[in-house]
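Notes for the structure review
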Amino acid sequence: MHPSVKHILPGAAVMAALLVFFMSCNKHSYNKEGYEPNEEYSGGQEATVFDESVNAFGNAVPGLSLEENSDFVVGNSFNRNPWVTAPSSTVARDGLGPFFNAVSCASCHGKDGRGAPPEFGEPAVSLLMKLSVNGTDAHGGPKPADNFGTQLNPFSIQGVGESEGNVNISYYEMPGTYPDGTPYSLRVPVYSLQNPALSGVMTSPRVAPYMGGTGLIDALPAALIESFADPSDANGDGISGRPNYVWDESTQSMRLGRFGWKAGAPSVKIQVAAAFRNDIGITSSIFPTENLYGTQLTQYGALPNGGSPEIGDDVFATVAFYTAALAVPGRRNVRDAEVLKGKQLFNDIGCAKCHIGRMQTGTHPLLSQLSNQVIRPYSDFLLHDMGEGLSDNRPEYSATGREWRTPPLWGIGLLQTVNNHTYLLHDGRARGYEEAILWHGGEAEKIKNAFMDLSKDKRSAIITFLRSL
Ligand code: HEC
Ligand code: HEC
Ligand SMILES: [Ca+2]
Ligand SMILES: [Ca+2]
Ligand SMILES: [Ca+2]
């Protein structure tokens, strides 16, 4: 016991009282018995909206002022409406390209939700390929590939000879069996780039993740996320968890990464500015140069653009505000016995070691609804080695090829309703919850095995719990 604590303790009675107090604290922080008060408010009591409809991901946090609401509406329109080639009479929305992946945020984050790998024979849109070559850029980030940059842009505007080409995806089945004899099959993706000039370049396939709740993640104190880390596995549970530190162009400093499948973006603002530049070809004051590299610059650098920058600060601010202000959908069926059983198993076998259920936000600079909220993202926002099966062999700052950020699981149960599919994991290879779990390896190998060792009933209770998120 700490000496100063000992000093203020007069006797055994107080000791006993303290013991009871600490025990009850413990019970509070992890109530195994079942329903926890307010646990249906995944985004906290002020930033959760109960909506099970197809629009479940598109709601604003409640209680916006008139002015905030108008920013949300304007931001939404710039998120949804297509950008067009400059020059155009649609001056507010011109400047698309020269190279791009999609014409709007919503073409990838449909209904503010998640993308999917392409159907057979279709071009990839909401699944994009990050690119880089060995080495790092000036800030320790991925080194752009000569004449291509850090992202494959399958489309280009008129007047640009050729786009960068698309990606071919095929799958083969990898069958397996649970210890109880139940068969399963995982589909293993095989990627190849159509452009021969890209041979030897490192690639990382990523689907667009769910956009909501990102303002809450921004409001988590960095020290809280860092406190979840156990980089050398000091407690010996096989789980490490490391923060990623990435370059923040707006503050010109290295900061904790929070967004993206490898936690490569430090804030909603940077994530949105990077999406405008790299995905749509729209410059901003944060990233004022077009997404052009090497010969692309000499060939296309002088094409007409949509202004300098193409998205003005005011409009940019509305899109960043819109993104941060998207509420998290509330949970369904939280008191159902099956859901509670699944939740308990999720905790007991160790899923919650990475998918942390409960934490509190700090202060959000713009929205009090996002401040001091007890949220249930089911993530630690840290990097974990997930094994060779999920590796992309492409580092991003301190994330290795095998490391991925634990994705938040809030809203995951509404994916089918909103986006009409249940493709999961960074490249959408898993066709549902069960396959997503079965792909877990590396630090999660033991816990995946514990899942496989469960009876069919218990496995299905965990899936039912995930559906309630
Ligand atoms: C071409 C498809 C595509 C387009 C267009 C796109 N995104 Fe994304 N978005 C992604 C992908 C892929 C990621 C994950 C990036 C990574 O892993 O680094 C992502 C990540 C995000 C995230 C982080 C979510 C999280 O939890 O990590 C936000 C927020 C986001 N995008 C907002 C936007 C906004 C706003 C726009 C429009 C300006 C936009 N995106 C345009 C594909 C897209
Ligand atoms: C070692 C940390 C860790 C543990 C333990 C862990 N996960 Fe994960 N989980 C991750 C990471 C990292 C990913 C993302 C991997 C990827 O996309 O390649 C992930 C992805 C998922 C996904 C897909 C999410 C999405 O948005 O696509 C689900 C569902 C999931 N985990 C459920 C579980 C369950 C259930 C358990 C327990 C059986 C579990 N996880 C244990 C780290 C972990
Ligand atoms: Ca442009
Ligand atoms: Ca490119
Ligand atoms: Ca550990």
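To be clear, the structure that these remarks concern was listed above.
Residues numbered from 1 in each chain as written. Chains lettered and ligands numbered in written order. Predicted model: local features only at pLDDT ≥ 70, side-chain atom pairs only at ≥ 80, totals over all residues. Heavy atoms only, no water.

1. Digging into the pairing of strand β8 (residues 202–207)
The buried fraction of β8 amounts to 5 of the 6 residues, a majority that puts the element mostly inside the structure. The pairing of strand β3 (residues 127–136) with β8 spans 6 bridges and is classified as antiparallel. Residue pairing for β8: S132 is matched across the bridge by M202. (Buried < 20%, exposed > 50% of the residue type's maximum accessible area, 1.4 Å probe, protein only. Helix = DSSP H or I, 4+ residues; strand = E, 2+ residues; numbered from the N terminus. Pairing = 2+ DSSP bridges.)

2. Quick word on the site of ligand 2
Close to ligand 2 lie 27 residues; R114, C351, C354, H355 and H440 are nearest. Between ligand 2 and H426, the relevant distance is 2.7 Å, taken from an oxygen atom to a side-chain nitrogen or oxygen of the residue. The set of elements that each furnish at least two residues to the shell around ligand 2 consists of β15 (403–405) and α11 (433–438). Class assignment of the residues belonging to the shell around ligand 2 gives a composition of 18 nonpolar, 6 polar and 3 charged. (Near = heavy atom within 4 Å. Polar contact = N/O pair within 3.5 Å; in protein donor to acceptor, adjacent residues only side chain to side chain. Nonpolar A, V, L, I, M, F, W, Y, C, P; charged D, E, K, R; others polar.)

3. Digging into the sheet that holds strand β4 (residues 142–143)
Spatially, 3 strands are ordered β4-β3-β8 in an open sheet, and the strand pairing comes out antiparallel. Each edge of the open sheet carries a strand with a single partner, namely β4 and β8.

4. Some thoughts on the pattern of salt bridges
Applying the stated rule across the entire model yields 18 salt bridges. Ionic pairing is found between E173 and R431, a salt bridge with its closest N-O pair at 2.9 Å. On the criterion of sequence distance, the pair formed by E173 in strand β6 (residues 167–177) and R431 in the loop between α10 (415–419) and α11 is long-range, its members being 258 residues apart. Classification of E173 by relative accessible area gives partly exposed; the value is 43%. Through salt bridges with shared partners, a single ionic network connects E36, E39, R331, K343 and R376. (Salt bridge = Lys/Arg side-chain N within 4 Å of Asp/Glu carboxyl O.)

5. Section: helix α9 (residues 337–348)
Helix length check: α9 (12 residues) gives 16 Å between terminal C-alpha atoms against 16 Å at 1.5 Å per residue, within 8%. Taken as a whole, α9 has its buried residues at V339, L340, G342, K343, L345 and F346. For α9, the secondary structure elements touched by its buried residues are α13 (456–467). (Expected span 1.5 Å × (residues − 1). Contact = heavy atoms within 4.5 Å.)

6. What to know about a nonpolar patch on the surface
Judged by side-chain polarity, Y172, M174 and V190 come together as a nonpolar surface patch covering roughly 260 Å² of accessible area. By the secondary structure assignment, Y172 is in strand β6. (Patch = residues over 30% accessible without salt bridge, like charges linked within 9 Å, V, L, I, M, F, W, Y side chains within 5 Å. Areas by Shrake-Rupley, 256 points an atom, 1.4 Å probe, with all protein chains shown as cover.)

7. Some remarks on the coordination of the calcium ion (ligand 3)
Protein coordination at the calcium ion (ligand 3): the donors are G95 (O), G97 (O), G281 (O), E290 (OE), E290 (OE), E310 (OE) and E310 (OE), at 2.2 to 2.6 Å from the metal. Read N to C, the donor residues that coordinate the calcium ion (ligand 3) are spaced as G-x1-G-x183-G-x8-E-x19-E. Pair noted here: G97 is in the loop between α3 (66–80) and β2 (99–100) and E290 is in the loop between α6 (268–280) and α7 (295–300), with a separation of 193 residues, a long-range link. A relative accessible area of 19% means that E290 is categorised as buried. (Donors = N, O, S within 2.8 Å, 3.2 Å for Na, K, Ca; no water.)

8. A short note on the site of ligand 1
As a structural note, the neighbourhood of ligand 1 is formed by 26 residues, with C105, C108, H109, G260 and W261 the closest of them. At 2.8 Å from an oxygen atom of ligand 1 is found a side-chain nitrogen or oxygen belonging to R206. In the model, a nitrogen atom of ligand 1 is placed 3.2 Å from a nitrogen or oxygen of the D279 side chain. Elements that contribute at least two residues to the shell around ligand 1 include exactly β3, β8 and α6. With 5 residues, α6 is the largest single contributor of residues to the shell around ligand 1. Among the residues making up the shell around ligand 1, the classes are represented as 15 nonpolar, 7 polar and 4 charged.

9. Description of the nonpolar core
Counting 57 residues, the largest nonpolar core has F72, W83, F276 and F316 as its most contacted members. Breaking this core down by element, the ones donating at least two residues are α3, β2, α4 (214–218), α6 and α8 (313–324). If near-sequence neighbours (up to four positions away) are discounted, F72 is found in contact with G58, N59, A60, L64, F321, Y322, A325 and L326. In this structure, L127, L152, L409 and F465 belong to the second largest nonpolar core, which totals 50 residues. (Core = buried A, V, L, I, M, F, W, Y, C linked by side-chain atoms within 4.5 Å.)

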